[in-house]
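Coordinate inspection notes
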Amino acid sequence: MMEILLRQVKRQLESWSEWETSRKIVLAVSGGVDSMVLLQIMSEIVKLQEYASKELIVAHFDHQLRSPEAHAAEKAMVKHYAERHQFTYFMGTWNNPVDVNVEAAARDARYQFFADVLKGSEADALMTGHHLNDTVETFLMRLLRGTSIKGSRGIPANYQRILTDQHQHAVLTNIMRPLISIPKQELYEYAATHEVEFIEDATNDSHKHLRNRIRHQFVPLFENENPQFLNNMLAL
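Described below are features of the structure shown in this document. Here the structure is a predicted model, which means the values were calculated and not measured.

On to the overall build of the protein, then. Within the protein one finds nine helices and six strands. Against the globule reference of 18 Å for 236 residues, the protein gives a C-alpha radius of gyration of 17 Å, in line with a compact fold. Expressed as lengths along the three principal axes of its C-alpha atoms, the size of the protein is roughly 45 × 45 × 35 Å. For the protein, buried positions account for 45% of its 236 residues. Taking all contacts inside the protein whose residues are at least 6 apart in sequence as the whole, residues at least 24 apart take part in 72%. Of the charged side chains in the protein, 25 are positive and 30 negative; the average position of the first set lies 5 Å away from that of the second.

This paragraph deals with the packing of helix α3 (residues 33-45) against helix α7 (residues 184-194). The interhelical angle for the contact between α3 and α7, taken along N-to-C directions, is 60 degrees, at an axis separation of 10 Å. For the element pair α3 / α7, the angle class is oblique. Here the hand of the crossing between α3 and α7 comes out left-handed. Taking contact as the criterion, the partners of V33, D34, V37, Q40 and I41 in α3 are, on α7, K184, L187, Y188, Y190 and A191. Partitioned by chemical class, the residues of the contact of α3 with α7 number seven nonpolar, one polar and two charged.

Quick look at the sheet that holds strand β6 (residues 170-176) now. Note: strands within a sheet are paired through backbone hydrogen bonds, in either parallel or antiparallel orientation. Spatially, the six strands line up as an open sheet ordered β3-β2-β1-β4-β6-β5, and their pairing is mixed. Each edge of the open sheet is held by one strand with a lone partner, namely β3 (88-93) and β5 (158-164). Ignoring which end each strand starts from, the neighbouring axes of this sheet average 30 degrees apart. Contacting β1 (24-28), β2 (55-62) and β4 (125-127), α3 runs over the sheet at an angle of about 155 degrees to β1.

On to the side chain of H71. The residue H71 is located in helix α4 (residues 68-84) in this model. Residue classification places H71 among the buried residues on the basis of a relative accessible area of 7%. At 3.2 Å, the side chain of H71 forms a polar contact with the backbone nitrogen of R66. Look past the residues within four positions of H71 in its chain and what remains in contact with it is D62, H63, Q64, L65 and R66.

This part is about unusual backbone geometry. We note that Q86 has phi near 60 degrees; this positive angle belongs to a residue other than glycine. Here Q86 shows up in the loop between α4 and β3. Phi is positive for E122, which is not a glycine, with a value near 55 degrees. With respect to the helices and strands, the residue E122 is situated in the loop between α5 (102-121) and β4.

On to the pattern of salt bridges, then. For the structure on display, the rule yields eight salt bridges. Close ionic contact of E103 with R211 constitutes a salt bridge, the shortest N to O distance being 3.3 Å. Of this pair, E103 sits in helix α5 while R211 is found in helix α8 (residues 210-225), placing the two residues 108 residues apart along the sequence. In this structure, R215 and E137 form a salt bridge, with 3.0 Å as the shortest nitrogen-oxygen distance. With R215 in helix α8 and E137 in helix α6 (residues 132-145), this residue pair connects regions lying 78 residues apart in the sequence. The exposure classification of R215 matches that of E137, with both residues buried.

Calculation rules
Numbering of residues starts from 1 in every chain and runs along the sequence as written. Residues qualify for local features only when their pLDDT is at least 70, as the model is predicted, and side-chain atom pairs are given and counted only at 80 or more; totals for whole chains, interfaces and linings, by contrast, use all residues. Based on all heavy atoms of the structure, the side-chain values leave hydrogens and waters out of the count. Think of it this way: any DSSP run of H or I at least four residues long counts as a helix, any run of E at least two long counts as a strand, and we number them from the N terminus. Atoms counted for the radius of gyration: C-alpha only. Globule rule: 2.2 Å times residue count to the power 0.38. The buried label goes to any residue with under 20% of its type's maximum accessible area, the exposed label to any with over 50%, and the partly exposed label to all in between, with areas taken from a 1.4 Å probe on protein chains only. Here, residues are in contact when the closest pair of their heavy atoms is within 4.5 Å. When charges are counted, neither His nor the chain ends are considered; positive counts come from Lys and Arg and negative counts from Asp and Glu. Lys charges are placed at NZ, Arg charges at CZ, Asp charges at CG and Glu charges at CD. Only the stretch in contact is used when fitting a helix axis, every axis being a line fitted to C-alpha atoms; angles between N-to-C directions are given from 0 to 180 degrees. These descriptions rest on fixed angle ranges, namely under 35 degrees for roughly parallel, over 145 for roughly antiparallel, 65 to 115 for roughly perpendicular, and the rest for oblique. Crossing handedness is defined as follows: a turn of the near helix away from the far one that is anticlockwise and smaller than a right angle gives a left-handed crossing, while the clockwise case is right-handed. We call Asp, Glu, Lys and Arg charged. Ala, Val, Leu, Ile, Met, Phe, Trp, Tyr, Cys and Pro are nonpolar, and the rest, Gly among them, are polar. Two strands make a pair as long as DSSP finds a minimum of two bridges between them. Counted as a polar contact is a pair of N or O atoms within 3.5 Å, where, for protein atoms, one must be capable of donating a hydrogen and the other of accepting one, and residues adjacent in sequence contribute only when both atoms are in side chains. When a carboxyl oxygen of Asp or Glu lies within 4 Å of a side-chain nitrogen of Lys or Arg, that pair is called a salt bridge.

Read these as spatial facts, not as claims about activity.
Quick look at the structure:
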């Protein structure tokens, strides 16, 4: 019997015509629970006869914002998984980390690397492990900072985006986020049940960044008031 979460992801993918037409899919894999669960689920999906022609490509990016040991452990884990499943994989490194506006700069560097991988591998789509908590946190961040109605929509699940590679060339791709309606707690539960290896980023516990303060202080407060808070936000 197909697992509930796997079935949910498969159903989400099959609702998108872009998934049906994509032959090569780049998976953004950081080594955290979200991307490793996505990698595990997608490795099961492409084993299905109907999707046996699809190819997964693993892309891991080292931001160099933590200890070399932490990054080396993540890289080794992702590499081991990719090699064990015979997936093509790419490893990238942010060679010039910055000290200001770090989150946005790191995101730009990461997506430039993904653009290079997409172009080099001639892939059709980029898939990320963003989940329900991510989109709720993004909504609250934008709400606090001030945004328009359009800007408060959270993280889109499936859309086209123009990325820029290292040579400043435009790369048009489909971005798919099949976990976007799934709470992070369910990903932890799936990882525990299926013994999915992952590494927790210690910086996620720091209250230095607004996203972390929202994650650890605001969201639990709202969930205490209403346990259905995440699902209500998704509906909104």
